[in-house]
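Structural features, examined
Residue-level listing of the chains:
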Amino acid sequence: MRNVTRRDVDKLQEEIEELFADLWQVPRFSGQRHGFRPNIDCFHTDNPHALTVVTELPGVDPASIRVVVAERVLVIAGMRARPQVAGRVYQQMEIEYGAFRRQISLAEEVDPEQARATFERGVLTIELPVVDRAPAQGRVAIVVESR
C-alpha cells in the first residue's frame, strides 16, 4: 500500500474544490451562465528542464493578467471585459466574460525568479524552470510580456 503524503491530500482537495465549483455552474446552453474559465495545458520538457503552462485568453487585455507563483502553486488571474457599445440589444449571448482565476498545482519545484511569461495572439505561455530545491522565497509575481 502506498503512503499518502501531505502533497497528495492537498492535490485531492484542490481537485474536489474544482469539481464542486464546476458542478454549481449553470450549464452553458441555458444562457444564464456568467464567468470566464480559460482552458489550460501544462507540460514538462527536458531541454530545457521546465514546466510550461499555456492558457487560452482570447479577448483579454494583457495588462489585466496577473501571474503569481507561491509554494508549488501557479495562479493566473485577470479579466475579460464585455465590450461596451451604446444601444446594443443582444439576440444571442454565448461568449463568457468576467473575472477569472485559475490555480495550478505544480508537479515539481520551480524557480519563479527565472520564469518567463509571454502573451501573443490571445495565448499566455508561462515557462517555469524546474529546480532540485525550491528557492527560499515566498510569493513571486511574474511579469507578462505582450508581443
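Here's a quick rundown of the structure. (Residues numbered from 1 in each chain as written. Predicted model: local features only at pLDDT ≥ 70, side-chain atom pairs only at ≥ 80, totals over all residues. Heavy atoms only, no water.)

Regarding the packing of aromatic side chains
Note the following rule: Each aromatic pair joins two rings of Phe, Tyr and Trp (for Trp, the six-membered one) with centres within 6.5 Å, and gets the label stacked for planes under 30 degrees apart, edge-to-face for over 60, and tilted for any other angle. Here a strand is any run of E in DSSP of at least two residues, a helix any run of H or I of at least four, and the numbering for each starts at the N terminus. Each residue is assigned to one of three classes by its accessible area relative to the maximum for its type, calculated with a 1.4 Å probe on protein chains only: buried under 20%, partly exposed between the two thresholds, exposed over 50%. Whether a charge sits over a ring depends on NZ of Lys or CZ of Arg being within 6 Å of the ring centre and within 35 degrees of the ring normal.
Throughout the structure, instances matching the rule amount to one aromatic pair. For the pair Phe36 and Phe100, a centre-to-centre distance of 5.4 Å together with 85° between the ring planes defines the contact as edge-to-face. You can see Phe36 sitting in the loop between α1 (6-23) and β1 (40-46) and its partner Phe100 sitting in strand β5 (residues 98-105), a full 64 residues away along the chain. In this structure Phe100 comes out as buried when scored by relative accessible area, which is 5%. For the cation-ring pair, Arg80 lies above Phe36, with the distance from its terminal atom to the ring centre recorded as 3.8 Å. Cation over ring: Arg80 sits above Tyr97, and NZ or CZ is 5.4 Å from the ring centre.

Regarding the nonpolar core
The cut-off we apply is this: In these notes, a set of buried Ala, Val, Leu, Ile, Met, Phe, Trp, Tyr and Cys residues joined through side-chain atoms within 4.5 Å is what counts as a nonpolar core. Contacts are assigned to residue pairs with any non-hydrogen atoms lying within 4.5 Å of each other.
Ranked by size, the top nonpolar core spans 23 residues in total, and within it Leu74, Leu124, Ile126 and Leu128 carry the most contacts. Secondary-structure elements contributing two or more residues to this core are β2 (49-56), β3 (66-70), β4 (73-80), β5, β6 (116-120) and β7 (123-129). Among the elements that take part in this core, β7 stands out by supplying three residues, more than any other. Those residues within four positions of Leu74 in sequence are excluded, and the remaining contacts are Val53, Val67, Val68, Val69, Arg102, Gln103, Ile104, Leu106, Ile126 and Leu128.

Regarding the sheet that holds strand β8 (residues 140-142)
Keep this limit in mind: Strands qualify as paired when DSSP identifies two bridges or more between them. Axis definition: a line fit to C-alpha positions, over the contact stretch in the case of helices; interaxial angles, taken between N-to-C directions, run 0 to 180 degrees.
Reading across from one edge, β5-β4-β3-β8 is the order of the four strands in this open sheet, with antiparallel pairing throughout. In this open sheet, the two strands that pair with only one neighbour each are β5 and β8. Shown here is a sheet whose adjacent strand axes are inclined to one another by a mean of 20°, direction ignored. Where β3 and β4 come together, five bridges link them in antiparallel fashion. Paired with Val68 across the strands is Val75, a residue of β4.

What about the environment of Tyr97?
Residue placement: Tyr97 occurs in the loop between β4 and β5. It is 9.2 Å that separates the C-alpha atoms of Tyr97 and Gly59, two residues lying 38 residues apart in sequence. Other than its neighbours up to four places away in sequence, Tyr97 contacts Gly35, Phe36, Arg80, Ala81, Arg82 and Pro83.

With respect to unusual backbone geometry
Cis geometry is adopted by the peptide bond preceding Pro48, which originates at Asn47 and carries an omega value of 5°. Structurally, the position occupied by Pro48 is in the loop between β1 and β2. Its identity as a non-glycine residue notwithstanding, Glu71 has a phi of 50°, on the positive side. With respect to the secondary-structure elements, Glu71 resides in the loop between β3 and β4.

Just geometry here; none of it tells us what the structure is for.
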